[in-house]
Amino acid sequence: MDKIGIKKLAELSRLKLSETEIDEYQEKISDILKYIDSLKEATAGKMDLVMGNLENRNVLREDQNPHEGGIYSDDLLAASPDRKDNFVKVKKIL
Amino acid sequence: MINFADLTIASAREGLDQKKFTTSELAQYYLNQIAEKNPEINAYLEVYEDVLSQAEAAQKLIDQNKAKALTGIPLVLKDNIMIRGRINSAGSKILEKYICPYTSTAAQKILDQQAVILGRANMDEFAMGSSTENSAYGVTKNPRDPKRVSGGSSGGSAAAVAMNGALAALGSDTGGSIRQPASLCGVVGLKPTYGSVSRHGLMAMASSLDVIGPITKTVADAEILFKVISGQDSLDSTSVSLEKKNLETLSVKKIGVPQNFLQKGIDEDVLQEFQANLTKFKKAGYEIVEIDLPNLDYSLAVYYILMPAEVSSNMARYDGIKFGSRLEGEDLISGYFSTRGHFLGSEVKRRIMLGTYVLSAGYADQYYKKAWQIRNLIKNDFEKVFEKVDLIAMPTTPSPAFKIGEKSKDPLKMYLEDIFTISANLAGLPAISIPAGSVIREEKTLPIGLQLIAPAQEEQKLFKIGKEFETIV
């Protein structure tokens, strides 16, 4: 993977990287990709299994016994880096 | 005079119930041990200020004859298992001051018994690592040789138990993060069946692999803790209820060993010690059977596709908006970039990018889908083998504890630490690491672990044979 590839990947990953980091990741990520490419040789002949597991199924529960409204609101809002009244404050979007 | 250093959960229970000592005396002993040892070892990120009042509350229950298995037992939790009102940082700068808004199911079950929670244990950032060198708060040193790592990612939990800074601990295991540090520190570590312990309130790393489990001094203690924290939970839709299997009728005679798989890249002394342990099993009447798990060679590659894919998705929530630290940018979106770039550590960023890559258009089939297929083949391999043998034995790690800095510059080398542990996560199987001898390096005696793997939901087999192994090793 080249430098442009790493920059593209960082962009998709929402990560601001320094030039030093980009150089480092270029080397290390390329090494790891080379390693995981060993999967290519895994025999396709045995690929009779579908993706995921056949046993997988949705587990649903009744929407009942809600907790009392508001008992977590303050804790959750307090976790935000910036808050105004009962809102999480962010930079303007439009 | 009782020697607190020799206590286990089981013997401490006896001592507390028979009033040989109080919960406060016990808690104070551990506080003293932590004060003495933690400045060097760095197993604890925080020791709670209310430890003695927790102990007093437990003592009241004992005095009223209402004690349960963990009442008054001093424990430490990994820094990613949430308790409402306490800080959990997951070893990351991005959550440095994060106060948990709710309590994890596993912790709640322990709190319900009025165990004494001493504090939170150091870990690799968001559980990504095998040495705790990726913690934003410094490495946890190995109590057996402080020049070496404690392993990871639950290195703080394992070191806390090994340095006698807690009677037992909870960790989390995604690819070996309970068993590997347990092995390196000379304690017992259990990775339970996937889903047997609720993940509700465990900070997610790779959701199809993560599981909470105990780190203890003995197999019997691991069993006690596991019984308390396990069980189906409506708040975790992947949790399962354990089938009730009668221990009396459990018979274990055949232990399978994938000899071919073990020969690659393993320390000679570790392999020799492992073979010697197999001989001990034979002498104790077990049959050792050579088995073949044909797709095991791919397990590490499969793991390093699926795990980062899930990581990249789970880490998306750390954007500096609703919680955690924020570094403002010019506008909203550049704030995401600067926050994540600044506060996330190098290994976390690497895995996010790797995961983003294997999931991106054009590569998802080649990597992600194929990895899932091979994961299913690996699971099938295990199922077939368990028709012939009762348990599988492997070393826990390919080498004893390595030196701080020895592998941190080479991620692939670090990833190979998990070569023997990853397959149990991919197949969702329960596995335990038990202290099984030692090797000498630079005049230091370094512990190594034996790993036993059982069919899904058959933890009882691990406990039964594990306890027997402790008497023959």
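Anyway, here's the lowdown on the structure attached to this text. Predicted model only: the values in this text are computed from it and were never measured. The residue numbers shown here count from 1 along each chain, following its written sequence. By the order in which they are written, chains take letters starting at A while ligands take numbers starting at 1. Where local features are concerned, this predicted model is filtered to residues with pLDDT of at least 70; where side-chain atom pairs are given and counted, the filter is 80 or more; whole-chain, interface and lining totals use all residues. Heavy atoms throughout the structure, all of them, feed into the side-chain values; hydrogens and water do not.

1. Remarks on the overall build of chain B
- Helix and strand counts for chain B stand at 16 helices and 13 strands.
- Taken over C-alpha atoms, the radius of gyration is set against a globule rule of 2.2 Å times the number of residues to the power 0.38. Rg of the C-alpha trace for chain B: 21 Å, near the compact-globule value of 23 Å for 473 residues, within the 12% margin.
- Projecting the C-alpha coordinates of chain B onto the three principal axes gives extents of approximately 65 × 55 × 50 Å.
- Remark: exposure states derive from per-residue accessible area (1.4 Å probe, protein chains only) relative to the maximum for the residue type, with buried under 20%, exposed over 50%, and partly exposed in between. Within chain B, the proportion of its 473 residues that are buried is 65%.
- Accessible area for chain B stands at about 16200 Å²; split by element, carbon and sulfur atoms hold 49% of it. Helix and strand assignments come from DSSP, with helices taken as H or I runs of at least 4 residues and strands as E runs of at least 2, each series counted from the N terminus. Computed by Shrake-Rupley with a 1.4 Å probe, the accessible areas treat only the displayed protein chains as cover when residues are assessed.

2. Focus: the pattern of salt bridges
Residue and element names in this part refer to chain B.
- Salt bridge, as used here, is a side-chain nitrogen of Lys or Arg placed within 4 Å of a carboxyl oxygen of Asp or Glu. Inspection of the entire model under this criterion finds 29 salt bridges over all chains.
- One salt bridge connects R120 with D79, and the closest N-O pair in it is separated by 3.0 Å. With R120 in strand β3 (residues 116-121) and D79 in the loop between β2 (74-78) and α4 (105-112), this pair connects stretches of sequence that are 41 residues apart. For the pair R120 and D79, a shared accessibility class is recorded, and that class is buried.

3. Structural notes on the interface of chain B and chain A
- Between chain B and chain A, the residue contacts involve 59 residues of the former and 50 residues of the latter.
- Buried area: the accessible area, evaluated with a 1.4 Å probe, that two parts lose upon being put together, summed over both parts. Approximately 4900 Å² of surface area, both sides summed, lies buried where chain B meets chain A, with 67% of it carried by carbon and sulfur atoms.
- On the chain B side of the interface with chain A, the three residues burying the most area are Y298(B), F337(B) and M353(B), jointly 14% of the side's total.
- Remark: the boundary between chain B and chain A carries four salt bridges. Contacts are assigned to residue pairs that have any heavy atoms within 4.5 Å of one another.

4. With respect to the pairing of strand β7 (residues 188-191) of chain B
All names here are of chain B.
- The two faces of β7 match: V188 and L190 on one face and G189 and K191 on the other face are all buried.
- In this analysis, strands are considered paired if DSSP registers two or more bridges between them. Here β7 runs beside strand β8 (residues 211-216); their pairing, made up of two bridges, is antiparallel. Residue V188 lies in a different strand from β8, and its bridge partner there is T216.
- Here β7 pairs with strand β12 (residues 431-441) via three bridges, running antiparallel.

5. Structural notes on helix α9 (residues 268-283) of chain B
All names here are of chain B.
- A helix's residues, less one, multiplied by 1.5 Å, set its expected span. In this model α9 runs 23 Å from its N-terminal to its C-terminal C-alpha over 16 residues, within 8% of the 22 Å that 1.5 Å per residue would give.
- Counted as a polar contact is a pair of N or O atoms within 3.5 Å, where, for protein atoms, one must be capable of donating a hydrogen and the other of accepting one, and residues adjacent in sequence contribute only when both atoms are in side chains. One side-chain oxygen of the residue at the start of α9 lies 2.9 Å from the amide nitrogen of D269, identifying that residue as D267.
- Taken from the residues just after α9, G285 is the one with a positive phi, measuring 105°.

6. Observations concerning the sheet that holds β7(B)
Residue and element names in this part refer to chain B.
- A sheet is described by the order of its strands in space; here 11 strands give the open sequence β1-β3-β2-β6-β8-β7-β12-β13-β11-β9-β10, paired in mixed fashion. With partners counted over all chains shown, the strands left at the sheet margins are β1 (44-47) and β10 (287-290), one partner each. Strand-to-strand twist of the sheet, defined as the mean angle between neighbouring strand axes without regard to direction, takes the value 30°.
- Pairing between β2 and β3: five bridges, direction parallel. If you follow K78 over to β3, its bridge partner there is A121. Helix axes are fitted to C-alpha atoms over the stretch in contact, other axes to C-alpha atoms as well, and angles between N-to-C directions run from 0 to 180 degrees.

7. Digging into the layout of surface pockets
- If you add up the space inside the second largest pocket, you get close to 830 Å³.
- Counting only elements with at least two residues in the lining of the second largest pocket, the list comes to α3 (73-78) of chain A together with α4 of chain B.
- At three residues, α4(B) tops the list of elements feeding residues into the lining of the second largest pocket. Lining residues are defined by having an atom within 4 Å of a point belonging to a cavity or pocket. Those points lie on a 1 Å grid over the protein atoms alone, cavities being sets where a 1.4 Å probe fits but cannot get out and pockets being open sets with protein on both sides within 12 Å along at least five of seven lines. Grid points are joined across faces, edges and corners, and a volume is the space filled by probe spheres set on the points.

This is a description of form; function is not addressed.
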